[in-house]
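# Inside the fold
Below are the chains, spelled out letter by letter.
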Amino acid sequence: MRDLELARIRSRKISAAFFYGLIILATVLSISILFIIIYHIFVSGVGALDFDFFTKIPKPYGEAGGGIAPAILGTLIMLLLAALIAIPIGVATAIFIVEYGETKLATSVRFAVELLAELPSIVVGIFIWALVVRNLTGYSGFAGSLALAVIMIPIIARSVEEILKLVPDTLREAALALGTPRWKVVLFIVIPTVLPGMFTSIMLAVARAAGETAPLLLTSLGNAFFNFNLRRPMAAMPLQIYSYAISPYDDWHKKAWGATLLLIAIIGILSGAVKYFTRRWNHESR
Amino acid sequence: MKKLAIIMVGALMFGGFVFAQGGNDGVSAKTSGPSEAKELTGAGATFPAVLYSKWFSEYNKLTGVQVNYQSIGSGGGIKSINDMTVDFGASDGIMTDEQLAAAKGGEIVHIPTTIGAVVPTYNIPELANSQETLKFTPETISGIFLGDIKTWNDPKLVADNPSLKNVSKDIVVAHRSDGSGTTNIFTSYLKAVSESWAQKVGAGNSVQWPVGLGGKGNEGVAGVVKQTPYSIGYVELAYANQNKLPAGQVKNKSGKFVTANLKSASLAAQGVALPDDMKVMLVNSGNPDAFPIVGFTWLLVYTKQTDAAKAPAVTRMLWWAIHDGEQYCEALDYAPLPADAVKKAEALIKKITINGKQALPADLSK
Amino acid sequence: MKKPWMVLLQKPRPSKETSPGRLPLIKDPGDRVFSVIIGSASVFVIVLLSAFVLLLFYDSLESIGRFGLTFISGSAWNPVETKLNPVSFGALPFIFGTIVTSAVALILATPLAIGSALFIVEYAPLWLGKIVSFIIELLVAIPSVAYGIWGLFVLVPFMRGTVEPALQTILGPIPVLGALVEGTPIGQDLLTGSVILAIMILPTILSVSREILQNVPRLQKEGMLALGATKWEVLTGAVLPYARGGIVGGAMLGLARAIGETMAVTMVIGNSSTKISPSLLTPGYTIASAIANQFTEADSAVYFSAIVELGLLLLLVASVFNILAHFLTQYILKGGDARHA
């Protein structure tokens, strides 16, 4: 009998070890994917990052050289405008949900934000095309910014909401007890407490919007020249990556990798800078 | 906190500045008029995109005018000009009546700009260093794209190409995934030479391909062929040349195997009666030395222009394209417009009006 | 000249009414302005969403009216009227492609995600768990088009040259499974699309699973351990059954994300929808990639309407899965399975 028991225990232990092995395998696989992708992007893209890449406009088909400067510029401009539109709306919505939270209106707004966050980005592109491109401006950087803003608003709203909820009610009540009107409590007491967190949310939304391609395909179209005019089509980095990658030209492929590396670097820097400044802020004000 | 405020104010100011950019900005032009638009947007065919990108780069150096051309396919060009989301469209497929009826701004003219050849291009590793290009006949091309001929060493192919005898791999077909004038030219040719194709598939900007992978634009198809071993696709000649992809010879109506180049493409237009509206296909030419899969490509413009600054800029650009632009065709293996085509094109450009008056700037319409 | 002690001289005011919100109502003119501004921004969000759905609906009316249910059941997507084929828009090939790629992506990603989550929560020391989850969740930051270019230039040749022929030799002879891998390995096909999607939804499923697993009550686990169970038996007996619902919710969230993915898929999936075949090695379309490829050129009114209807379809399906997922995860996180309470 004892042998049977021992045998059973052994087989159970073997099972446990086997599945542990599988779990380790799954984890290792999951971790390596990231490294593999980053490795390829770095190795294939770093060679493209020369001075011309950052400063020149694209050359005609088939000619080597030139750069993707219009695309870098276009991305920055459209992100900036999108942020200017999305930040006030997103933050205001989050404030509303948190500070006026128990009203029916607030629950509907919360629900609307959730749904907006889940919109496939290509569908956002269709919407902005139908609303703005078709009737107002034709293909334009402005339409592109609007599409990016629609994508950023729910991201900002959701994360700022989480952050505002972390502010203890005692803080608000203390301020109110001293006679501060509600709006001052929100603007001058609650918000300054969470400013670094808000900053993080905004940067994350910007980082996400920086990589969006599908909506821009239908709204800002792309531009081979430097363009500051938002009423005309504008180039953008993800758009450039897409059209260069599916083309047959080796030079363009290299530039596409380079642009991908640059994009990832920008996203990385944004997220990293946020963490750094947040830590500094926290250290300074405590 | 203060740093943040400064950054935000700066951003707001920058945003305001950027958005305040009105219609034109001041790049002084050498040859364009003071009240003409300095920026134009066009979209459409990928077929001539190689040429157009060269053209508009040179035009910009010459006049300072930025003509932003985005190659999204002829289907895209037609839709964009119909919806008036661009200043001009481009297509190598003639607009159907239904498409013309959908044009928001009224009548559209087809201004021919150049002639190009659609070639079968392929990627067979064994033949990578071969000097000879494969020979295709109407039967083999239609067979391949119908999915009837499945392997490279099919007897029908080997009959004309002994070098394929030992290539037993399956053929991977590549076609256009978007609405394409190149497809239009290619399928019109197939429809003309293959009863079976006309029955099963037909011709147009978009068709139901029996087999194959889709690529977006001529660029996409060339990309697929370049990266997929044992594949075959159809692209405008310039794409094959620029990417060192082989361009197959095709047997023309007279029974001769012709290589596509500037000369054999130009010959396809010879002897063809050109209608005034220039809407004519050039496939399956009777000329004994002509390449059989050839076509015009057009720029699509409204006759009744609505923007007083853009109308002269567009017509000036069109005028330049059909005259000075033709010098760039040869190096890229596009065929320049024959003289009679240029005359018809001039007449069409002169039809373009703004506020009832001819849009072509006075210094050009002598 | 207000002095602090003057507070003592003020008459006590009657207690103020409290609003339903977190803060009591103080009547200050600034408040009105503030609440109007905040309120209108929030209402704007609702208006935006409604405008979205309404506009999509309005623009797809023509297609809905003309094709009705055959839009979903028909498989002929024919924008061009020819003698042989009348204009018809049956989106079944796109729907099929979406379902297949998302399902296979789930099958590939979920075991990896659960396995990694188990490692992070149950096996690894805290510092290691944090690092591992940080690394895997970094995958979320990579934009879709970056996945696309990596997929096109690295994954596709790898699939075409190594994985797909291997699958064909292994599975080919097996009767039913063999049909899944029929056809010439091209690399740009439904299978590669699924693999890319799997990579993209892995972090989503992982982060939800991780949170759920962290919330499993210790009592359960310790009870089983006290009875002499091995670690694995604790997992299968106490942890996973409890976390089941939440993990399903996480998988649904991943599914919803996979359905809406456009760029990465479009660059590796082959973009051809001729036949609905059981083989994963055929090129295909998903609803999202069909829209991306065809939207800019939908020249006739009915073609455009059909594409917008595709967008509406996508929106509805993605929303349904998202709502389901949220309910599941919220339920688990808040109360959990009542049986084990």
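The shown structure was predicted, so the numbers you read here are calculated from the model rather than taken from an experiment. In every chain, residue numbers begin from 1 and rise along the written sequence. Naming scheme: in the order in which they are written, chains are lettered from A and ligands are numbered from 1. Given that this is a predicted model, residues contribute local features only at a pLDDT of at least 70 and side-chain atom pairs are listed and counted only at 80 or more, while totals for whole chains, interfaces and linings are drawn from all residues. Excluding hydrogens and water, the side-chain figures rest on all heavy atoms present in the structure.

## Some words on the pairing of strand 1 (residues 39–44) of chain B
Residue and element names in this part refer to chain B. Counting buried residues in strand 1 gives six out of six residues, a clear majority hidden from the surface. Throughout, exposure labels follow a simple rule: accessible area from a 1.4 Å probe, protein chains only, divided by the maximum for the residue type, with under 20% read as buried, over 50% as exposed, and the rest as partly exposed. Each helix corresponds to a stretch of at least 4 residues labelled H or I by DSSP, and each strand to a stretch of at least 2 residues labelled E; elements are numbered beginning at the N terminus. Residues Glu 39, Thr 41 and Ala 43 of strand 1 are buried on one face, and the alternating residues Leu 40, Gly 42 and Gly 44, pointing to the opposite face, are buried as well. The sheet contact formed by strand 1 and strand 2 (residues 66–71) spans six bridges and is parallel. Bridging from a neighbouring strand, Ala 43 pairs with Gln 70 of strand 2. This β-α-β element, strand 1 to helix 2 (residues 49–63) to strand 2, shows right-handed connectivity. Here three bridges tie strand 1 to strand 3 (residues 88–91), and the two strands are oriented parallel to one another. DSSP bridges decide pairing: two strands pair if at least two such bridges lie between them. Orient the strands so they point away from the viewer, and a crossover whose first-strand-to-second-strand path over the helix runs clockwise is right-handed.

## With respect to the environment of Asn 284 of chain B
Residue and element names in this part refer to chain B. Within the secondary structure, Asn 284 is located in the loop between helix 11 (262–269) and strand 11 (294–302). On the basis of relative accessible area, Asn 284 is assigned to the buried category, the value being 16%. Between the alpha carbons of Asn 284 and Ser 188 there is a distance of 9.0 Å; along the sequence they are 96 residues apart. Excluding residues within four positions of it along the chain, Asn 284 makes contact with Tyr 189, Ala 192, Val 193, Lys 253 and Pro 292. Contacts between residues were defined by any pair of non-hydrogen atoms, one from each residue, lying within 4.5 Å.

## Some details on the interface of chain A and chain C
By convention, interface size is frequently given as the accessible area that disappears when the constituent parts associate. Every contact between the two is made by 81 residues of chain A and, on the other side, 81 residues of chain C. Each partner contributes to the roughly 7,100 Å² buried at the junction of chain A and chain C, and carbon and sulfur atoms together form 81% of this total. When a carboxyl oxygen of Asp or Glu lies within 4 Å of a side-chain nitrogen of Lys or Arg, that pair is called a salt bridge. Put simply, chain A and chain C have two salt bridges between them. Whenever a nitrogen or oxygen atom comes within 3.5 Å of another N or O atom, the pair is scored as a polar contact, on the condition that within protein one atom can donate a hydrogen and the other can accept it, and that pairs from neighbouring residues in sequence are kept only if both atoms are in side chains. The interface formed by chain A and chain C holds five residue pairs in polar contact (both at pLDDT 80 or more) in total. The biggest single contributor to the side of chain A that touches chain C is helix 1 (residues 2–45) of chain A, with 20 residues. For this classification, Asp, Glu, Lys and Arg are treated as charged, while Ala, Val, Leu, Ile, Met, Phe, Trp, Tyr, Cys and Pro are nonpolar and the rest, including Gly, are polar. In terms of residue class, the side of chain A that touches chain C is made up of 59 nonpolar, ten polar and twelve charged. Here the buried area means the combined drop in accessible surface, using a 1.4 Å probe, for two parts upon being joined, counting both sides.

## Focus on the sheet that holds strand 7 (residues 213–215) of chain B
Residues and elements named next belong to chain B. Taken together, eight strands build an open sheet; the order of strands is 2-1-3-11-4-8-6-7 and the sheet is mixed. On the outer flanks of this sheet lie strand 2 and strand 7, each paired with one strand and no other. Shown here is a sheet whose adjacent strand axes are inclined to one another by a mean of 25 degrees, direction ignored. Direction of pairing for strand 6 (residues 172–176) relative to strand 8 (residues 231–236): parallel, over a ladder of two bridges. When the bridges of strand 8 are listed, Val 173 appears paired with Ile 232. Packing of helix 2 onto the sheet brings it into contact with strand 2, strand 3, strand 4 (108–123) and strand 11, and relative to strand 2 it is tilted by some 165 degrees. Each of strand 1, strand 3, strand 4 and strand 11 is contacted by helix 3 (residues 74–83), which is oriented at about 155 degrees to strand 3, the strand it contacts most. Here an axis means a line fitted to C-alpha atoms, over the contact stretch when the element is a helix, while the angle between two N-to-C directions is reported on a 0 to 180 degree scale.

## A closer look at the sheet that holds strand 10 (residues 257–258) of chain B
Residue and element names in this part refer to chain B. What the three strands build is an open sheet, ordered 5-9-10; its pairing is mixed. Lying at the two open borders of the sheet, with one neighbouring strand each, are strand 5 (135–136) and strand 10. Taken together, the two bridges between strand 9 (residues 249–251) and strand 10 define a ladder with antiparallel strand orientation. Of the residues in strand 10, the one forming a bridge with Val 250 is Val 258.

## Quick word on a nonpolar patch on the surface
Residues and elements named next belong to chain A. A grouping of Tyr 39, Phe 42, Val 43 and Val 46 is seen on the molecular surface, where their side chains present a nonpolar patch of about 400 Å² in accessible area. Within the element layout of this structure, Val 43 appears in helix 1. A relative accessible area of 46% places Val 43 in the partly exposed class. For patch detection, residues must exceed 30% relative accessible area and be free of salt bridges, and they are connected within 9 Å for like charges or within 5 Å for nonpolar side chains (Val, Leu, Ile, Met, Phe, Trp, Tyr). Each accessible area is a Shrake-Rupley estimate made with a 1.4 Å probe; only the visible protein chains count as cover when residues are assessed.

## Observations regarding the confidence of the model for chain A
A residue's pLDDT is the confidence the predictor assigns to it, expressed on a 0 to 100 scale. With 97% of its residues at a pLDDT of 70 or more, chain A has an overall mean of 88. The secondary-structure element of chain A with the lowest mean pLDDT is helix 11 (residues 250–285) of chain A, recorded at 82, while helix 10 (residues 237–245) of chain A shows the highest, at 93.

## What to know about the pairing of strand 8 of chain B
Residues and elements named next belong to chain B. Judged by how many residues are buried, strand 8 sits mostly within the fold: six of six residues are covered. Of the two faces of strand 8, the one lined by Ser 231, Gly 233 and Val 235 and the one lined by Ile 232, Tyr 234 and Glu 236 are each fully buried. Sheet topology places strand 4 next to strand 8; six bridges connect them, and they run antiparallel. Paired with Tyr 122 across the two strands is Ile 232, which belongs to strand 8.

## Examining the confidence of the model for chain B
Residues and elements named next belong to chain B. Scored by pLDDT, chain B has a mean of 87; 90% of the residues are at 70 or more. Counted against residues more than four places away or in other chains, residues 18–30, with its pLDDT under 50, gives 23 contacts. For this predicted complex, the interface score ipTM comes out at 0.89, alongside a pTM of 0.87.

## A closer look at the environment of Asn 243 of chain B
Mapped onto the elements, Asn 243 of chain B comes out in the loop between helix 10 (237–242) and strand 9. The class of Asn 243 of chain B is buried, set by a relative accessible area of 5%. For Asn 243 of chain B and Ala 203 of chain B, which are 40 residues apart along the polypeptide, the C-alpha to C-alpha distance reads 27 Å. When near neighbours in sequence (up to four residues on either side) are disregarded, Asn 243 of chain B contacts Pro 248 and Tyr 249 of chain A together with Lys 226 of chain B. A distance of 2.8 Å separates a polar atom in the side chain of Asn 243 of chain B from the backbone oxygen of Tyr 239 of chain B.

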